[in-house]
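# Summary of the model geometry
As a plain string of letters, each chain reads:
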Amino acid sequence: TSINAFLFFLFNSSEENVWKLCEQVKKTYPSELPKCYAVFVSNERRTVPLWRQKAGRGDEKLVIWDYHVFFMHNPSPNRCLVFDLDTTLPFPTYFHKYVTETFRSDYALTPEHHRFFRVIAAEKYLAEFSSDRRHMRRPDGSWIKPPPSYPPIQTSASTHSLDDFICMKPGKGPGAVYDLLHFVQQFYKPPDRNIGTKTQN
């Protein structure tokens, strides 16, 4: 059995899905938790285009989110898996395939659509994330969709820290913030094509 074997109910909140996944790993495979991350995707204008999303339109399933959250398991330098419950790609998907098909490139996008990534260690995410689910309600207080059946995620320090995670200003909020290029460089290590070759003197 591995992390890949977990099945989760899809709620209306990707950040809570990822928190629950972190929680499950901590309970079931605690030795793997230091290799796991929650990743928030957003930008200053909160307009981030993602492809291959279930909520997307057209053949390419393009959607523009205000923010998105997914889970990563990085068990070794050359192996990183992405768990995204909203993708049409396999669950999980290898990092390079996921990034290539979901984010493509920033070069064809205007600067206001460039994606930034806040990467938080799973243990830290479990300790610091909280949400009172205010973003799941209409202005009159009614639910946009039925909320998860379990109580809101809270900490002793906060009832709602979601905005700190969505914020993409470096130096503010938990974890580290990367642009797309540096995010890929951090978690994708191309195969070393020199392994197994000999040089002649």
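Residues numbered from 1 in each chain as written. Predicted model: local features only at pLDDT ≥ 70, side-chain atom pairs only at ≥ 80, totals over all residues. Heavy atoms only, no water.

## Re the state of the cysteines
By the definition in use, this model includes zero disulfides. Sulfur of Cys80: no disulfide; nearest cysteine sulfur belongs to Cys36 and is 9.5 Å away. (Disulfide = S-S within 2.5 Å.)

## Side note on the sheet that holds strand E7 (residues 116–121)
Spatial strand order, E6-E5-E4-E1-E7-E8: six strands in an open sheet with antiparallel pairing. What marks the edges here is a single partner per strand, and that holds for strand E6 (93–94) and strand E8 (176–179). Where E7 meets E8, four bridges bridge the pair, whose relative direction is antiparallel. Of the residues in E8, the one forming a bridge with Val119 is Ala176. (Pairing = 2+ DSSP bridges. Helix = DSSP H or I, 4+ residues; strand = E, 2+ residues; numbered from the N terminus.)

## Description of the environment of Asn17
Relative to the assigned elements, Asn17 resides in helix H1 (residues 14–28). Classification of Asn17 as buried rests on a relative accessible area of 8%. Measuring from C-alpha to C-alpha, the distance between Asn17 and Val69 comes to 8.7 Å, with 52 residues separating the pair along the chain. (Buried < 20%, exposed > 50% of the residue type's maximum accessible area, 1.4 Å probe, protein only.)

## Quick look at the pairing of strand E1 (residues 36–42)
Burial analysis of E1 places six of its seven residues in the buried class, which makes it a mostly covered element. Two strands pair when backbone bridges link them, and E1 and strand E4 (residues 68–76) are joined in this way by six bridges, in the antiparallel orientation. Each bridged residue has a counterpart across the sheet, and for Tyr37 the counterpart in E4 is Met72. Here six bridges tie E1 to E7, and the two strands are oriented antiparallel to one another. In the sheet register, Ser42 faces E7, and the bridge partner there is Phe116.

## Some words on the packing of aromatic side chains
For any pair of aromatic rings, the description rests on two quantities: the centre-to-centre distance and the angle between the ring planes. Tallied over the entire structure, the rule returns 18 aromatic pairs. A centroid spacing of 5.4 Å and a plane angle of 80° characterise the contact between Phe71 and Phe83, whose relative ring orientation is edge-to-face. Within this pair, whereas Phe71 is found in strand E4, its partner Phe83 is found in strand E5 (residues 79–83), the two being separated by 12 residues in sequence. The class for Phe83 is buried, based on a relative accessible area of 4%. When the ring of Phe103 is compared with that of Phe117, the centres are 5.0 Å apart and the planes differ by 90°; the resulting orientation is edge-to-face. (Phe/Tyr/Trp six-rings, centres within 6.5 Å; stacked < 30°, edge-to-face > 60°.)

## A closer look at the pairing of E5
The buried fraction of E5 is high, at four of five residues. In the sheet, E4 pairs with E5 via four bridges, with the strands oriented antiparallel. For Phe71, the partnering residue across the bridge sits in E5 and is Phe83. With two bridges joining them, E5 and E6 adopt antiparallel strand pairing. Bridge pairing in E6 links Val82 to Thr93.

## Details of unusual backbone geometry
Trans is the common state for peptide bonds, and a negative phi is the common state for residues other than glycine. Residue Pro92 follows Phe91 across a cis peptide bond; omega there is 0°. Inspection of the secondary structure assignment puts Pro92 in the loop between E5 and E6. We note that Arg52 has phi near 60°; this positive angle belongs to a residue other than glycine. Along the chain, Arg52 falls in the loop between strand E2 (48–50) and strand E3 (63–65). The partly exposed category is assigned to Arg52, whose relative accessible area is 22%. Phi is positive for Lys61, which is not a glycine, with a value near 55°. Position of Lys61 among the secondary structure elements: in the loop between E2 and E3.

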